[in-house]
Every structure is written in structure tokens, then in C-alpha cells.
Amino acid sequence: MFSLSSSPFQLLCCLIVLFILPLPSRSADPDPLQDFCVADLNSSVSVNGFPCKPAEQVVSDDFFFDGLRKEGNTSNIFGATVTSANVFTFPGLNTLGLSTNRVDFAPGGLNPPHSHPRASETGVVIVGKLLVGFVTGDNVFHSKVLSPGEMFVIPRGLVHFQLNVGEGKALAFTSFNSHFPGVVISSTSLFGSTPSIPNAVLTKAFQVGDDVINGIRSKFGS
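Criteria and thresholds
- Residues numbered from 1 in each chain as written.
- Predicted model: local features only at pLDDT ≥ 70, side-chain atom pairs only at ≥ 80, totals over all residues.
- Heavy atoms only, no water.
- Buried < 20%, exposed > 50% of the residue type's maximum accessible area, 1.4 Å probe, protein only.
- Helix = DSSP H or I, 4+ residues; strand = E, 2+ residues; numbered from the N terminus.
- Arc of directions from axis to C-beta.
- Contact = heavy atoms within 4.5 Å.
- Salt bridge = Lys/Arg side-chain N within 4 Å of Asp/Glu carboxyl O.
- Disulfide = S-S within 2.5 Å.
- Phe/Tyr/Trp six-rings, centres within 6.5 Å; stacked < 30°, edge-to-face > 60°.

(A) The arrangement of helix α3 (residues 199-206) in detail. Along α3, the residues that are buried comprise Asn199, Leu202 and Thr203. Take α3 and look down its axis: the buried residues cluster within an arc of 100°, on one side only. Residues of α3 that are exposed and angled more than 90 degrees away from the buried face: Ala200, Lys204 and Ala205. Contacts made by the buried residues of α3 are with α2 (186-191) and α4 (210-219). Note on α3: the residue one or two positions beyond its end, glutamine 207, has a positive phi of about 55°.

(B) Seen up close, the pattern of salt bridges. Inspection of every chain in the model, using the stated rule, returns 4 salt bridges. The partner of lysine 53 in a salt bridge is aspartate 62, with the nearest N and O atoms 3.2 Å apart. Among the salt bridges present, the one from aspartate 104 reaches arginine 102, with a minimum N-O distance of 2.8 Å. Each of the two residues, aspartate 104 as well as arginine 102, counts as buried.

(C) Fine view of the state of the cysteines. This structure, assessed with the given rule, holds 1 disulfide. For cysteine 37, the disulfide goes to cysteine 52, at an S-S distance of 2.0 Å. The S-S bond linking cysteine 37 to cysteine 52 shows a torsion near -110°; that makes this disulfide left-handed. Highlighted residues: cysteine 37 in the loop between α1 (8-20) and β1 (80-85) and cysteine 52 in the loop between α1 and β1, separated in sequence by 15 residues. Residue cysteine 37 is classed as buried on the basis of its relative accessible area, which comes to 3%. By relative accessible area, cysteine 52 is classed as partly exposed at 38%.

(D) A look at the packing of aromatic side chains. In total, this model carries 7 aromatic pairs according to the counting rule given. Their ring planes at 85° and their centres at 5.3 Å tell us that phenylalanine 50 and phenylalanine 88 sit as a pair that is edge-to-face. One end of the pair, phenylalanine 50, is in the loop between α1 and β1; the other, phenylalanine 88, is in the loop between β1 and β2 (99-105), and 38 residues separate them in sequence.

Put into C-alpha cells, the structure is as follows:
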């Protein structure tokens, strides 16, 4: 506590320290200041979301989305596909701090190691059996095989995956506390970037030769 005898200089120093201390941070998108803000995707301005469509142009269909009904096409190198209901596909989510994905898996399909820089994730298995795992910042690996009706949670920013370990197809729905959580797929980011990450970086990071890096890179079109 300050006494009346505290010098103005001491008081000023303490106030400065209070201002530069880290303030409590949010783990989700900012709270909206209106009932809704249906995104105007045609706007050229975008700062933490899109501008609102004028209220008189908002219609009931802006608050409903049927894009998660259909099974996704899993005929790709990973045998899995993600169908997103985020602000870009479902503008009614703008500023509300939530979104949902449908994830379809072929037998043996993998939603490859990836992270979401702007959101934590929770999911529920609907069909099949999935091995779900993530790695903490301390390099601890947590995983479990989940059956229909069982849930998982992935803390924000951590690398994680889902692998179909059942005999048939699998399906999961995942949700995020962001209207656009973003995704960074580890393998394609490292080996399929444009322009390419220099071999000198990757060979040293993985402690392998150029031939290994070039072989992996060829799988990702880089």
C-alpha cells in the first residue's frame, strides 16, 4: 500500500508496471456487441471477422446451414476429408466465436497431425473407432481409441490427429471456440510450402539427408 509520504516518482513507477504487466487473455474470439452480425463476405475489409450485412438484408436462411449433411470425399492421400462450417461457409457464425467440422474417414483414413492456432477443439465420434492423440508443449503424447458417443478435447494450438482404427468408415463432428479456427497441417506446411523451406533447414531439423527430404517433398508437390 502507498502511504501519503510515497514520492510521486515511486507512484509513477508502480503505475507503469501495472500497465505493462500481461493482461488476462481470452481463449476465444471476442464477445459480440450485438445479437448477430451475418458476415458480408463481399466486403474488402476484414479485421477479426467480417463487417455485418445490413440488418434489413438479413434473412432466416442466414442462420441455417446444411453443408454437413453429405459424406465427404475421402479419395485422397490421407483417406479423410474435413467439411467445415465456419464463417466462410456459414456467414451467420461471424463474431459468434464458434464453428463446426464434419470429418469423414475411409478405412485406415487419417486426419493428419495438425494444429488450430486460434481455437481449442472438442469432438464426438459418431461412427467407427478413432485413435485420437495430441502432443503437449512438454512433448507428452496423450491418446485413446474412441467409440461412437465418446468425446475428446484438444487444447488450443497443440498438434493432434485422428486415425480410423476400425474395420469400416468413421465419422466425427468437431467444434471450435472460434468462427475461423485456422489449420496448420504439419506435413504439408513443412514439405509443401510455396516457396519451399530450404533443405538445409529440414535436413538439420530432422537429422536426415537431402535424399530423404527430397523424397518426402515429392509426395506433397513441392
